[in-house]
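Descriptive structure summary
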Amino acid sequence: MELGAPRRDAALLGGMSAIDDMALSDEALEAWMAAKTAPRPLVRTMSALDGFVTAAVTGPRFADPQDWMCPLMGLPRDVLAKGSATDHAVFASLARIHNRINATLFDRPQDYAPRFATKPSGGIDPRPWCQGFYAAMNLNIKRWKRLLDLDNPNHGLLLPILIYCVDKKGRPVLGKPRPGPETAHFIEHEAYKDIALVIPALRELHYVTRYDDPQ
């Protein structure tokens, strides 16, 4: 299964109406992710899922969509041939999210908006979205390493995302932030606002090479 053509990534699983007919509602998909075990999905919420799929759309290309779609949701390889009806519905749900993000970034990049979570007390919580994005990076880390190089002039595009991420041991990916109220205010109320700006830039950065670089 191929993702696309040089002009833009093709829609997964065919037309959007067919995908919508197969896909789960957001509420049902999030409940499925929360309950799924053996193997567990790499994310558990719709916000984190949105971040993961955004990284798959905008980052270095995976050789096959199933290379990220199946591990992401703990689905069997060749899910369309071997999976259950529920597996097919989950796969269609991923395709719908992928196609929505891809179409927005291609046709209306100025309208792109991450699907951030909301804090229990109110306000935006970008952490689940960013952690989902980071999980996708780790699944394709060899191809992200160039952008993770501090000497890369485009490394700064990742900073508004990575500032909210922790590694497997719970340590901040960018290191412990500088103490003080200014830093705390910046992280809680300002840094995430740049994510909607850097995502179209990341897509543009990788778009030229997505179909030309050897896998």
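In this text the structure is predicted, and so the values were computed from the model without any measurement.

Calculation rules
- Residues numbered from 1 in each chain as written.
- Predicted model: local features only at pLDDT ≥ 70, side-chain atom pairs only at ≥ 80, totals over all residues.
- Heavy atoms only, no water.
- Helix = DSSP H or I, 4+ residues; strand = E, 2+ residues; numbered from the N terminus.
- Buried < 20%, exposed > 50% of the residue type's maximum accessible area, 1.4 Å probe, protein only.
- Polar contact = N/O pair within 3.5 Å; in protein donor to acceptor, adjacent residues only side chain to side chain.
- pLDDT = per-residue confidence, 0-100.
- Contact = heavy atoms within 4.5 Å.
- Salt bridge = Lys/Arg side-chain N within 4 Å of Asp/Glu carboxyl O.
- Axes fitted to C-alpha atoms, helices over the stretch in contact; angles between N-to-C directions.
- Parallel < 35°, antiparallel > 145°, perpendicular 65-115°, else oblique.
- Left-handed = near helix turned anticlockwise from the far one by under 90°.
- Nonpolar A, V, L, I, M, F, W, Y, C, P; charged D, E, K, R; others polar.

**A look at unusual backbone geometry**
Glycine aside, negative phi is the norm for most residues, and most peptide bonds take the trans geometry. That bond from Ala38 to Pro39 is cis: its omega, -5°, falls within 30 degrees of zero. Looking at the secondary structure, you find Pro39 in the loop between α2 (26-35) and α3 (46-58). Positive phi values are uncommon outside glycine, yet Ala38 reaches one of about 50°. Note that Ala38 resides in the loop between α2 and α3. For Asp78, which is not glycine, the phi torsion reads 55° and is therefore positive. Position of Asp78 relative to the elements: it lies in the loop between α4 (66-73) and α5 (79-82). Assessed through its relative accessible area of 34%, Asp78 is described here as partly exposed.

**Observations regarding the environment of Asn99**
Structurally, Asn99 can be placed in helix α6 (residues 85-107). Residue class for Asn99 comes out buried when judged on its relative accessible area of 7%. Once the C-alpha coordinates of Asn99 and Ile19 are considered, the two residues, 80 residues apart in sequence, prove to be 9.9 Å apart. Reaching out from Asn99, the side chain makes a polar contact with the side chain of His98 at a distance of 3.0 Å.

**Things to note about the confidence of the model for the chain**
Taken over all residues, the pLDDT of the chain has a mean of 90, while the share at 70 or more is 88%. Confidence drops under a pLDDT of 50 for residues 1-8, and excluding neighbours within four residues, the segment shows 29 contacts in the predicted structure.

**Points about the pattern of salt bridges**
Note that side chains of opposite charge can pair when their charged atoms are close. By the definition in use, this model includes 13 salt bridges. Taking the shortest distance from any N to any O, the salt bridge between Arg77 and Asp67 comes out at 2.8 Å. Taken together, the positions of Arg77 in the loop between α4 and α5 and Asp67 in helix α4 put the pair ten residues apart, joining distant regions of the chain. For Asp67, a relative accessible area of 27% gives the class partly exposed. Taken together, the shared-partner salt bridges in this structure form one network comprising Asp20, Asp26, Arg96 and Arg115.

**Some words on the packing of α4 against α6**
Between α4 and α6, the least distance of the axes is 11 Å, while the angle of their chain directions is 125°. Accordingly, the angle class assigned to the pair α4 and α6 is oblique. Where α4 crosses over α6, the two elements pack in a sense that is right-handed. Here Gln66, Trp68, Met69, Leu72 and Met73 of α4 lie close against α6, whose contacting residues are Val90, Phe91, Leu94, Ala95 and His98. Its residues assigned to classes, the contact of α4 with α6 shows eight nonpolar, two polar and no charged.

**What about α4?**
Taken across its eight residues, α4 has six buried, putting it largely inside the fold. Directly after α4, the chain includes Gly74, whose backbone phi takes a positive value near 65°.

**A short note on the environment of His88**
Along the chain, the position of His88 falls in helix α6. Accessibility expressed as a relative area gives 21% for His88, which makes it partly exposed. As for His88 and Ala23, which are separated by 65 residues in sequence, their C-alpha atoms are 8.1 Å apart. Aside from chain neighbours lying at most four places away, what touches His88 is Met22, Val79, Leu80 and Gly83.

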